[in-house]
Amino acid sequence: MITAVDLFSGCGGLSLGFQKAGIELLAAMDNWKVALDIYRENFDHPVIEQDLKDEVGAIKIIQKILPEMIIGGPPCQDFSSAGKQAINGNRANLTYNFANIVCDIKPQWFVMENVPRITKSQIFKDISKEFLRSNYGLSSIVLNASLCNVPQSRSRFFLIGQLGGKQNALVPLFKKGLASKPMTVRDYLGNRLNLDYYYRHPRSYARRGIFSIDEPSPTIRGVNRPIPPNYKLHSGDPQDIDLSQVRPLSTIERSYIQTFPDSFKFCGTKTNLEQVIGNSVPVNLAYFVASTILKYIKEEDYYEKLLLFNFEKKFALSKC
């Protein structure tokens, strides 16, 4: 079983998906106590409160654990289209910290998650060069969560590195595993929500705010507001609905859209929980990524053994 450490773990969406796929989590690190309290409620391995800007301190801890894989999603707000788009801001710099830690530890594998916009930043160019100098074969892909067993249109970028691996080796396998059509909320939850339409607060009133469960949910964000009393239907909203019957999804319902299981325990204030859930990697998206990597490893191991077998067979015949 491959072992891993999760950096910038949040409440554990990435960890849980990787764990479900069959990767053993040895530890998690973050500097956000709110998220770590939730993580501790749901996992048995060590959960370490650590400022990952302190690379030396983090490296000392990880060196004692010696994972085969480092996973993590450095905070993406500075890259996000929902944020201020300061692609070289302070939180964006944490991506450098992630890369520096990986390249010092040199695990066999790493997985970095972020928003697609990171690929347009100087930071991404810099860390890619750093990974290549450290002899990592890199596979990069943008995944729409709705094609990965998640009822949500959430695009996320993944950079996967294999020490001594080939460039873009995993991309075909990722593409092969995608669903043929997006998953809707009804596909995933059936009628559990006891509604057909719900409100999701738009970033501006030039955008729609009412969504059907017969489509993927829009991206779950860290903000969840009630429908304004004076809300007027947008042209993109369903037009034949009674607004008095429409409500936003509850906090726990939003965790279901993020594919956290019913058994996952959330503790804390509503405001904190909305942010923790919105910041999470959907569990099933993490599972898709982890299981694809494991499938690649299994196939790679098979072909290596096949080549070795054929070589040994040819060598034995040549001696006859």
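Just so you know, these numbers come straight off a predicted model, no measurement behind them.

Enquirer: What is the right way to read the pattern of salt bridges from this model?
Expert: Two side chains of opposite charge can pair, provided their charged atoms sit close to one another. Inspection of every chain in the model, using the stated rule, returns 12 salt bridges. A salt bridge links D37 to K33; the shortest N-O distance between them is 3.0 Å. With D37 and K33 both in helix α2 (residues 33–42) and four residues apart, this pair spans about one turn of that helix. We classify D37 as partly exposed; its relative accessible area is 29%. The exposure class of K33 is partly exposed, given its relative accessible area of 48%. Ionic pairing is found between D196 and R186, a salt bridge with its closest N-O pair at 3.1 Å. Of the two residues, D196 is situated in the loop between α7 (185–189) and β9 (197–199) and R186 in helix α7; the sequence distance between them amounts to 10 residues. Taking the relative accessible area as the measure of exposure, R186 reaches 26% and is therefore partly exposed. If you follow the salt bridges from partner to partner, you end up with K33, D37 and R40 in one network.

Enquirer: Any chance you could explain the nonpolar core here in plain terms?
Expert: What tends to happen in soluble globular proteins is that the nonpolar side chains get buried as a cluster. Counting 30 residues, the largest nonpolar core has F18, M69, V111, L143, F174 and I293 as its most contacted members. Secondary-structure elements contributing two or more residues to this core are α1 (13–21), β4 (69–72), β5 (109–114), β6 (136–144), β8 (155–163), α6 (171–177) and α10 (283–318). Sort the elements by how many residues they give to this core and α10 lands first, with seven residues. Discounting chain neighbours no more than four positions away, the residues touching M69 are I2, T3, A4, V5, F18, I23, P107, W109, V111 and I293. Within the second largest apolar cluster, 29 residues are counted, among which are A99, I118, F131 and L159.

Enquirer: Would you mind going over unusual backbone geometry with me for this structure?
Expert: Even without a glycine there, the phi angle at N149 is positive, about 65°. Summarising the element assignment, N149 is placed in the loop between β6 and β7 (152–153). Take N149: its relative accessible area is 41%, and that puts it in the partly exposed class.

Enquirer: So what exactly am I meant to see when it comes to the packing of α2 against helix α9 (residues 270–279) here?
Expert: Each pair of packed helices can be described by the angle between their axes along with the distance between the axes. The geometry of α2 relative to α9 is characterised by a closest axis approach of 10 Å and an angle of 80° between their N-to-C directions. Compared by their axis directions, α2 and α9 come out roughly perpendicular. Judged by residue contacts, V34, A35 and I38 of α2 engage N272, L273 and V276 from α9. Each residue belonging to the contact of α2 with α9 can be placed in one class, and the counts come to five nonpolar, one polar and no charged.

Enquirer: Teacher, can you tell me more about the sheet that holds strand β2 (residues 24–30) here?
Expert: Sheets are built from strands paired through backbone hydrogen bonds, the pairs being either parallel or antiparallel. The strand order across the open sheet built from seven strands is β3-β2-β1-β4-β5-β8-β6, with neighbouring strands paired in mixed fashion. The open sheet terminates on both sides in strands that have one partner only, identified here as β3 (47–49) and β6. Ignoring strand direction, the axes of neighbouring strands in this sheet form an average angle of 15°. Pairing between β4 and β5: four bridges, direction parallel. Residue I71 lies in a different strand from β5, and its bridge partner there is V111. Each of β5, β6 and β8 touches helix α5 (residues 122–133); the most contacted strand, β6, lies at about 140° to it.

Enquirer: Can you walk me through the state of the cysteines in this structure?
Expert: Each disulfide consists of one covalent bond between the sulfur atoms belonging to two cysteines. In the structure shown here, the tally under the stated rule is zero disulfides. C11 supplies the cysteine sulfur nearest to C267, a cysteine that is in no disulfide, at a spacing of 9.7 Å.

Enquirer: Would you take a moment to explain the packing of aromatic side chains for this structure?
Expert: What describes a pair of aromatic rings is the distance from one ring centre to the other and the angle between the planes of the rings. Applying the stated rule across the entire model yields 14 aromatic pairs. Arranged with centres 6.5 Å apart and planes meeting at 70°, the rings of F98 and F110 form a pair that is edge-to-face. Placement of F98 in helix α4 (residues 94–105) and of F110 in strand β5 is noted, with a sequence separation of 12 residues between them. Assigned by exposure class, F98 and F110 land together as buried.

Enquirer: I'm lost on the packing of α4 against α5 in this one. Help?
Expert: Remark: α4 packs on α5, axes separated minimally by 10 Å, with the N-to-C direction vectors making an angle of 0°. When the axes of α4 and α5 are compared, the pair comes out roughly parallel. In this structure, α4 uses T95, Y96, A99, N100, V102 and C103 to contact α5, whose residues at the interface are Q122, I123, D126, I127, E130 and F131. Considered class by class, the residues forming the contact of α4 with α5 number seven nonpolar, three polar and two charged.

Calculation notes
Residues numbered from 1 in each chain as written. Predicted model: local features only at pLDDT ≥ 70, side-chain atom pairs only at ≥ 80, totals over all residues. Heavy atoms only, no water. Salt bridge = Lys/Arg side-chain N within 4 Å of Asp/Glu carboxyl O. Helix = DSSP H or I, 4+ residues; strand = E, 2+ residues; numbered from the N terminus. Buried < 20%, exposed > 50% of the residue type's maximum accessible area, 1.4 Å probe, protein only. Core = buried A, V, L, I, M, F, W, Y, C linked by side-chain atoms within 4.5 Å. Contact = heavy atoms within 4.5 Å. Axes fitted to C-alpha atoms, helices over the stretch in contact; angles between N-to-C directions. Parallel < 35°, antiparallel > 145°, perpendicular 65-115°, else oblique. Nonpolar A, V, L, I, M, F, W, Y, C, P; charged D, E, K, R; others polar. Pairing = 2+ DSSP bridges. Disulfide = S-S within 2.5 Å. Phe/Tyr/Trp six-rings, centres within 6.5 Å; stacked < 30°, edge-to-face > 60°.

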